[in-house]
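# Structure at a glance
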Amino acid sequence: MSDFEVIRNYYSQMPEKIEQARAILNRSMTLTEKILFSHLVKIKKEPKRTKSYVELQPDRVAMQDATAQMALLQFALTGRPKVAVPSTVHCDHLIQARVGKDEDLEYANEVSSEVFSFLKSASAKYGLGFWKPGAGIIHQVVLENYAFPGGMMIGTDSHTPNAGGLGMVAIGVGGADAMEVMAGLPFTIKWPGIIGVHLTGELSGWASAKDVILKVCEELTVKGGTGHIVEYFGPGASTISSTGKGTICNMGAEVGATTSLFPYDSSMDDYLRATNRSEVADIAKEYSEYLVPDAEVEANPGQYYDRIIEINLSELVPAIVGPHTPDLARPVSDLGDEARENGWPTDIQAALIGSCTNSSYEDMERASSIALQARSAGLKSKVQFMVTPGSDTIDNTIRRDGQMQIFDDIGGTVLANACGPCIGQWKRDDIDSGDVNSIVSSYNRNFSGRNDGNHQTLSFLTSPEIVTAMAIAGSLDFNPITDKLTAEDGSEFLLEPPEGDQLPENGFLFNLEGFIPPSEDSDSVDLEVSPESRRLQLLEPFVATSKKDLEDLPILVKVKGKCTTDHISPAGVWLQFRGHLDNISDNCYIGAHNSFTEEQGTAINQLDGNKGKIPKVARSYFENKQPWAVIADVNYGEGSSREHAAMSPRFLGCKAVIARSMARIAETNLKKQGVLPLIFADESSWDLLRVDDRLTIKGTDELGPNSKVTVEAKHSDGTMDTFVCNHSMDELQVEWFKAGSALNYLRSKN
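Residues numbered from 1 in each chain as written. Predicted model: local features only at pLDDT ≥ 70, side-chain atom pairs only at ≥ 80, totals over all residues. Heavy atoms only, no water.

## Details of the pairing of strand β14 (residues 348–354)
Most of β14 is tucked away: 6 of the 7 residues are buried. Handedness of the crossover is the feature at issue here: the chain leaves β14, passes through helix α14 (residues 361–376), returns alongside strand β15 (residues 384–388), and the resulting connection is right-handed. (Buried < 20%, exposed > 50% of the residue type's maximum accessible area, 1.4 Å probe, protein only. Helix = DSSP H or I, 4+ residues; strand = E, 2+ residues; numbered from the N terminus. Right-handed = clockwise from strand over helix to strand, strands pointing away.)

Structural data, given as structure tokens:
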């Protein structure tokens, strides 16, 4: 399962590579540097943080079912017969929460059988491991089976950094990155900066690992980690369980970090042994000096990290963040007053625990200890209460050990071992569209409309134990540390703080029935894609952009404010079209707020002057062979790794996205698909642009590292403004653009 030979070979060459790096750096090394240098294709000179592009060789690739479709459709065009590195597909996104686990799985297997069959056949044909629907959420399954200290992986999901809980550099990427690595090419990325988070003290009472990352989100905000790896260190790090570390690293995606990780310690050794990987535990212990930062780094961190955040775990109190953004934080005790001040409903409509962020055995133990107190007092959840185990292993184990029964006894609904409401896969029938309501969850992301498609749902994120307590109380205005509940007999009582084991006393109850290992005989396997399919579509290579294509571009949308991947290419009901580029492009920018119309999802068609839905206007331009551009605000494309947020605009004729700033994965995905990602040299240039402008982009003939691009904006009154844009493309990425996409460039080299 864990590809032990690959791991042993990696560890055997790690000391030599680290010594080569030491000779170049002539100083002590952080853990991040040790792992990255050990995966560099060539060690020549010290890369410049946040500046130099480097080529890395990941140990493995993991893909979830929604993004794997496009990744494998692209891989099919490479001509490679087999993947070059260990790779897996995990069916976790296409399972909608409707009634409960069994019914929802049956429904998913019925409505998405075509997609699952394609992924299964592609996995068999190209030599990937395949995890069936219901086997578990990708990140929990990776942690249980594949992650190892000091390793490196990429995954087609933004929460891939979850594997940092086992000391792995795990980076979320788009499908084109995965395709290239599976094809045997290196993974190209800017050498990251490093943010150090120094942990002291120890968590106690109601404080949990979730509160550590919510504190980091508050400190760094949704863009403060961009271009950096967050490395945790200090005596407090070893007091947190491996799965707690995973929670922290998982949500590092919310600050824009490339990834997050912890140094090797005994909790990782315990977890590896508990998950039947004693061989890996033994060899990791043997090489442990290479799996932690050097002592000098811990002694003088200011000399090695670009920024240091100090967190005393002993001082943390339970926090809750939201709505609509994960960096709007406050202590749980302050939420009631803030909700009343802002007119947020204090009555909770739904409470949800689990997801890839918080579905470990420890999470379920602590949450069930709160539920048990409610059951003992004759109480049930006052609101809809949903529980998502992270994997078959967790599901089976907590059924055996009784936690699942406790959740059931207080009125909980157990969902499939899948993403469900966390990614918008929630058939919600307790509200109407447009209803303002409050929900609480232990999930990782709470953008407007993300969980249920209703932009008026106010989503708050906190730990599973706080969610459970709030479900029992039914209100945002409940602080379990100080506020009492009324038992069935009328007596008042205070909830005791949560408690529970990090790992099951009787071991995990493993179940690998949902796993199909890589096929030994793939010659006879054909990809299952029907020409009549509405769900799947074989890809055609994009046409390269000419100089003329960059002249007189209308602006499809001038985005105002937050524009996440959920705004550009929403999930929810649209997940069904992730393998069909034409059909999914009908959701292009429907969540974006257009400053030209002061509305969400509408645009002015410059060919006829009529206002329409953005995808319809884009298709009108496409049908009339009129390329177009997008103007965006700050941190464009934050959120998930979905490359559809780049592929759909490209498919419909987008030639350039010009923003005040961009999130890392979004910018890379645009480059991969042949769209020019440009950044205003002067952010105020955003204000110059008008609804009926035509843009001409100049300087692409001289496009190269650090070159400038000039944009002329011709106004309808005959005047013109000119402004300068920067880009971050290196020489290889410029070749992608010239070829029309990274895939085109790869095919040209076959």
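## Regarding the environment of I472
Turning to its location among the elements, I472 is positioned in helix α17 (residues 464–473). Residue classification places I472 among the buried positions, given a relative accessible area of 2%. A C-alpha to C-alpha distance of 9.4 Å links I472 and A351, two positions 121 residues apart in sequence. In contact with I472, not counting residues within four places along its chain, are I370, A371, A374, L379, K380, S381, K382 and L485. (Contact = heavy atoms within 4.5 Å.)

## Re the pattern of salt bridges
The tally for this structure, following the rule as stated, stands at 40 salt bridges. Residue D294 is joined to R22 by a salt bridge in which the shortest nitrogen-to-oxygen separation is 2.6 Å. Of this pair, D294 sits in the loop between α11 (278–286) and α12 (295–299) while R22 is found in helix α1 (residues 4–25), placing the two residues 272 residues apart along the sequence. The salt bridge partner of D269 is R273, with a shortest N-O separation of 2.9 Å. In this pair, D269 and R273 both sit in helix α10 (residues 266–274), 4 residues apart, roughly one turn of the helix. The partly exposed category is assigned to R273, whose relative accessible area is 29%. Residues participating in the shared-partner salt-bridge network are R27, E33, E46, R49 and D306. (Salt bridge = Lys/Arg side-chain N within 4 Å of Asp/Glu carboxyl O.)

## Some details on the side chain of H159
Counting through the fold element by element, H159 comes out in the loop between β5 (152–155) and β6 (169–172). Overall, the relative accessible area of 3% leaves H159 in the buried class. Polar side-chain contacts of H159 include one of 3.4 Å to the side chain of N444. A polar side-chain atom of H159 sits 3.4 Å from a polar atom in the side chain of R445. Excluding anything up to four places from it in sequence, H159 contacts H139, N250, A253, E254, C356, N444 and R445. (Polar contact = N/O pair within 3.5 Å; in protein donor to acceptor, adjacent residues only side chain to side chain.)

## A short note on the environment of G402
Relative to the helices and strands, G402 is located in the loop between α15 (392–401) and α16 (403–409). Residue classification places G402 among the partly exposed positions, given a relative accessible area of 23%. Between the alpha carbons of G402 and A592 there is a distance of 45 Å; along the sequence they are 190 residues apart.

## A few points about a negative patch on the surface
A contiguous patch of negative charge on the surface is contributed by D102, E103, E106 and E110. Within the element layout of this structure, D102 appears in helix α4 (residues 101–111). The class of D102 is exposed, set by a relative accessible area of 58%. (Patch = residues over 30% accessible without salt bridge, like charges linked within 9 Å, V, L, I, M, F, W, Y side chains within 5 Å. Areas by Shrake-Rupley, 256 points an atom, 1.4 Å probe, with all protein chains shown as cover. Lys, Arg positive; Asp, Glu negative; His and termini not counted. Charge placed at Lys NZ, Arg CZ, Asp CG, Glu CD.)

## Points about the sheet that holds strand β2 (residues 60–64)
Spatially, β6-β5-β2-β3-β4-β21 is the arrangement adopted by the 6 strands of the open sheet, whose pairing is mixed. Each having just a single partner strand, β6 and β21 (515–516) make up the two edges of the open sheet. Alignment of strand β3 (residues 87–90) against strand β4 (residues 129–131), held across 3 bridges, turns out to be parallel. Within β4, the residue paired with H90 across the bridge is W131. Most of the contacts of helix α6 (residues 138–145) go to β2, to which it runs at about 150°, and overall it touches β2, β3, β4 and β5. (Pairing = 2+ DSSP bridges. Axes fitted to C-alpha atoms, helices over the stretch in contact; angles between N-to-C directions.)

## Things to note about the side chain of S448
You can see S448 is positioned in the loop between β17 (437–441) and β18 (457–461). Reaching out from S448, the side chain makes a polar contact with the side chain of H455 at a distance of 2.7 Å. In contact with S448, other than residues within four places in its own chain, are H324 and H455.

## So, a positive patch on the surface
On the surface, K42, K44, K45 and K48 cluster together into a positively charged patch. With respect to the helices and strands, the residue K44 is situated in the loop between α2 (31–39) and β1 (53–56).

## What about helix α9 (residues 242–250)?
With 9 of 9 residues buried, α9 is to be regarded as a mostly interior element. What α9 keeps buried is the set S242, T243, G244, K245, G246, T247, I248, C249 and N250. Where the residues of α9 are buried, they touch α6, α8 (209–220), β9 (228–233), β10 (259–261), α10 and α14.

## Quick look at unusual backbone geometry
In this chain, G322 is followed by P323 through a cis amide linkage whose omega measures 0°. Relative to the helices and strands, P323 resides in the loop between β12 (319–321) and β13 (329–331). At N276, a residue that is not glycine, the phi angle is positive and equals roughly 65°. Relative to the elements of secondary structure, N276 occurs in the loop between α10 and α11. Residue N706 is not a glycine yet carries a positive backbone phi of 70°. Along the chain, N706 falls in the loop between β30 (694–698) and β31 (709–714).

## Examining the nonpolar core
By size, the foremost hydrophobic cluster in this structure holds 208 residues, and its most contacted members are Y11, M63, L199, Y232, Y589 and Y636. Here the element with the most residues in this core is α1; it accounts for 8 residues. Ignoring any residue separated from it by four or fewer positions in sequence, one finds L199 in contact with V212, Y232, F233, G234, P235, G236, A237, I240, F262, I311 and L313. Within the second largest apolar cluster, 24 residues are counted, among which are A656, L678, I697 and M729. (Core = buried A, V, L, I, M, F, W, Y, C linked by side-chain atoms within 4.5 Å.)

## Thoughts on helix α21 (residues 644–651)
Among the 8 residues in α21, 8 count as buried, and that is most of the element. Here α21 has its buried residues at H644, A645, A646, M647, S648, P649, R650 and F651.

## Section: the sheet that holds β31
Spatially, 7 strands are ordered β22-β27-β28-β29-β32-β31-β30 in a closed barrel, and the strand pairing comes out mixed. If you compare each strand with its neighbour and ignore which way they point, the axes differ by 40° on average. Two strands pair when backbone bridges link them, and strand β27 (residues 628–632) and strand β28 (residues 654–659) are joined in this way by 5 bridges, in the parallel orientation. In the strand pairing of β28, I631 is matched with I658. Contacts between helix α20 (residues 614–623) and the sheet are confined to β22 (553–558) and β27, with β22 contributing the most and set at about 170° to the helix.

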